[in-house]
Every structure is written in structure tokens, then in C-alpha cells.
Amino acid sequence: MRWGRSSGRDGHEGYSEFAAARAGHLYRSACLLTGGDTHLAEDLVQEALGRVYLRWDRVSRADNPAAYAQTVLTRSFLTHQRRHSTRRERATDVLPEVSGPDAAGEASLRLTLLAALGQLSAKDRAVVVLRYWEDRSIEEAAAAMNTSPAAVRTRCVRALARLRALLGDALGEYVSP
């Protein structure tokens, strides 16, 4: 879908439609990046959409405004992590509502995965989310993280090995034989 400009006075036509269409996806990515911290995820999405809005004239003419927004989100997350690297506060006493017979297993799996993602470094988490949640190529992930493709490959291998070590047999109970 093209989010091109129409003739208008403020030059931000199409932005509202774009933001409404992409906000949910950005929020889900932000939740994965933050290890389930929904409040920080909301802040990151708001910051990313604000930055996209400021450059909407240029972004709307780009080939893939959605990828640009995702890149802004990822870089905002990494910047936040660098600034707050010594602070590791996370609310864990509130669990999501669970309904239905399969919902309990899905919620438990989701919490297990989020906990494992939360134990990865910020850059490793970003690589995993970009490569496996966003399904981006190594080159696209490298561009989003402002690093080299070789660094992305290395981080992918290390992050996946760390996830395997963290999860061990924990995922076996969720997989059907």
C-alpha cells in the first residue's frame, strides 16, 4: 500500500491512515523488544510514530514507509537501553487474563518466551525480533541496527544459542508429539 501525499496544506496527508494501520504491528514488535514491558512498548511506539510524523514528507515517498517506522522503533529501543542500561525494573506480579482451554497454554508459552527474550542483551533481542518476528533479511536487520551484516549473523547465532540454553526443555511441554 502506498502512503503517498495528496495536495494539502500541511503535507502530512496519509499519515493518520499509516499510523492507524501500523501502530498494532509496531506495538507487538516493541513488546517483544522490551521483553513484555507494555508501558515501555507504548512509549517506544509513540516515539517512533512521532519521529515518522516529523519526516512524513520524505517517508511517504519512500519505497517502504513501514520498514522505516520499524527501523525507527528498533533504534529508539536500542537508544533507550543504552541510556538506562543500569536500571532493570520490570513489573512481574500482574499476569494477563486467561480464558479458554488453550489460552492457558498459549499465555504460559508467551510468558516463557518473553522471559527468555528479556534475558538477552538489547542488541541480541533486537536481532531476534528483526530476523524472526519481522522476517527481515540480514542486510535489512543490519541497516535497521546501524551495524554490519557480519555482526548481525554473529549476534543471531549467539542469541539463538542463548535462547536454547535458557529455554532448554521448557518448550517441550508446549509442543504436540
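Remember, predicted model here, so these are calculated numbers, not experimental data.

Rules and cut-offs
- Residues numbered from 1 in each chain as written.
- Predicted model: local features only at pLDDT ≥ 70, side-chain atom pairs only at ≥ 80, totals over all residues.
- Heavy atoms only, no water.
- Helix = DSSP H or I, 4+ residues; strand = E, 2+ residues; numbered from the N terminus.
- Buried < 20%, exposed > 50% of the residue type's maximum accessible area, 1.4 Å probe, protein only.
- Contact = heavy atoms within 4.5 Å.
- Phe/Tyr/Trp six-rings, centres within 6.5 Å; stacked < 30°, edge-to-face > 60°.

Q: Mind showing me how you'd approach the overall build of the protein chain here?
A: In terms of regular secondary structure, the protein chain is built from eight helices and zero strands. For the protein chain, the succession of helices and strands along the chain, N to C, is α-α-α-α-α-α-α-α. Counting all 177 residues of the protein chain, 37% fall into the buried class. Partitioning the contacts of the protein chain with sequence separation of at least 6, the portion at a separation of at least 24 is 66%.

Q: Any chance you could explain the packing of aromatic side chains here in plain terms?
A: By convention here, two paired aromatic rings are described through the distance between centres and the angle between planes. By the definition in use, this model includes three aromatic pairs. Ring centres of Y15 and W56 lie 5.5 Å apart, and the angle between their planes is 75°; on these two criteria the pair is classed as edge-to-face. Remark: W56 occurs in helix α3 (residues 56-59) and Y15 occurs in helix α1 (residues 15-33); sequence separation between them is 41 residues. By relative accessible area, which is 12% here, Y15 ends up buried. You can call W56 buried: its relative accessible area is 0%. Three or more aromatic residues joined by ring pairs make a cluster, and in this case those are Y15, F18, Y53 and W56.

Q: Just checking my understanding: could you explain unusual backbone geometry for this structure?
A: Generally, phi is negative for residues other than glycine and the peptide bonds are trans, each holding for most cases. Positive phi, normally seen in glycine, also occurs at D135, with a value near 55°. Topologically, D135 is positioned in the loop between α6 (122-133) and α7 (138-145). On the basis of relative accessible area, D135 is assigned to the exposed category, the value being 66%. Located in the positive-phi region is N146, a residue other than glycine, with phi close to 60°. Residue placement: N146 occurs in the loop between α7 and α8 (149-167).

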